[in-house]
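Each chain is listed here by its residues.
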Amino acid sequence: PRQRKQTMNPATPPASIMVVDDTPANLRLLDELLRQQGYQVRLFPRGALALKAAATNPPDLILLDIMMPDMDGFAVCRQLKANPALSDIPVIFISALADTDNKVKAFEHGGMDYVTKPFQEAEVLARVRTHLALYAMQQAQARQQAVLEQLVEERTTDLLRAQRVAHIGSWKLDLRTQALSWSPEAYRLFGVPDGTPLTLADFMAKVHPDDRSSVAQHWALALQGQPYDVEHRIAPPAGATWVQDRSFDILQ
């Protein structure tokens, strides 16, 4: 029996599915089945043609036969997964090879699922819907991550601009390596070339000799979890004479 056409959001374009199979009857059957569900379908009888088309216009999912001339499905999938722009596209193998070895090989080459021919239409559609939904979630997460990274970059730029105007620098200490990372304004205030790798010892060397003992005591307490808030001088040459250092544990 035919499956009822799925309901799609009119604002969302239909998913694009690529079918790669050298048997015309299989192409026609899958084409009719998928189009009845509202999917956009692209048919390819050869793996090499499918790879070129995918690189130009990536689909949302690929149904891939194994036994094909010139290039079998394993080679097609391997090349897809080797391309960073195509590696996340889910691939469902559809093959008459029902033995476990070929199924394992399909997964080893990057396949997400495996359907054995002759297939049940309901099974194919269920697996297609599942992997399209997972792929859509993955793409949405990637877009959200990109938005968050852009937001962090914008906020960081705003923070550095504000620090420069207010003559406030920021720094971070890695407790494992004792390496310091400073903002550009912190480098300027301490008279150190921007981007210079620094350690806690390098920082202490920039503190005025008369204040190093006090700063070292405050650092020792800070490393034990105590608040760090100390005012001290900077050894010349520097962009400032006095600074006030405050810190907090970012893991708290």
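Calculation rules
Residues numbered from 1 in each chain as written. Predicted model: local features only at pLDDT ≥ 70, side-chain atom pairs only at ≥ 80, totals over all residues. Heavy atoms only, no water. Pairing = 2+ DSSP bridges. Helix = DSSP H or I, 4+ residues; strand = E, 2+ residues; numbered from the N terminus. Axes fitted to C-alpha atoms, helices over the stretch in contact; angles between N-to-C directions. Contact = heavy atoms within 4.5 Å. Parallel < 35°, antiparallel > 145°, perpendicular 65-115°, else oblique. Left-handed = near helix turned anticlockwise from the far one by under 90°. Nonpolar A, V, L, I, M, F, W, Y, C, P; charged D, E, K, R; others polar. Core = buried A, V, L, I, M, F, W, Y, C linked by side-chain atoms within 4.5 Å. Buried < 20%, exposed > 50% of the residue type's maximum accessible area, 1.4 Å probe, protein only.

1. A closer look at the sheet that holds strand β3 (residues 61–64)
- Pairing in this open sheet of five strands is parallel, and the strands run β2-β1-β3-β4-β5 from one edge to the other. Each edge of the open sheet is held by one strand with a lone partner, namely β2 (40–44) and β5 (113–116). With direction set aside, neighbouring strand axes in the sheet form an average angle of 20 degrees.
- The sheet contact formed by strand β1 (residues 16–20) and β3 spans four bridges and is parallel. Of the residues in β3, the one forming a bridge with Val19 is Leu63.
- Sitting on the sheet, helix α4 (residues 100–108) touches β4 (91–95) and β5, and the angle it makes with β5 is about 145 degrees.

2. So, the packing of helix α2 (residues 47–56) against helix α3 (residues 73–82)
- Put simply, α2 and α3 touch, their axes get as near as 10 Å, and they point 20 degrees apart. The angle between α2 and α3 falls in the class roughly parallel. Helix-helix and strand crossings are classified by hand; for α2 and α3 the assignment is right-handed. Residue-level contacts link Gly47, Leu51 and Ala54 of α2 to Val76, Gln79 and Leu80 of α3.
- Of the residues belonging to the contact of α2 with α3, the class tally is four nonpolar, two polar and no charged.

3. Brief notes about the nonpolar core
- Judged by nonpolar contacts, the single largest core of 25 residues is most densely connected at Met18, Ile62, Leu64, Leu80 and Phe93.
- Of all the secondary-structure elements, those providing two or more residues to this core are β1, α2, β3, α3 and β4.
- Broken down by element, this core gets its largest block of residues, five residues, from α3.
- For Ile62, the residues in contact, after removing those within four places along its chain, are Met18, Val20, Leu80, Ile89, Pro90, Val91 and Ile92.
- Listed in part, the 21 residues of the second largest apolar core include Phe203, Val215, Ile234 and Ala240.

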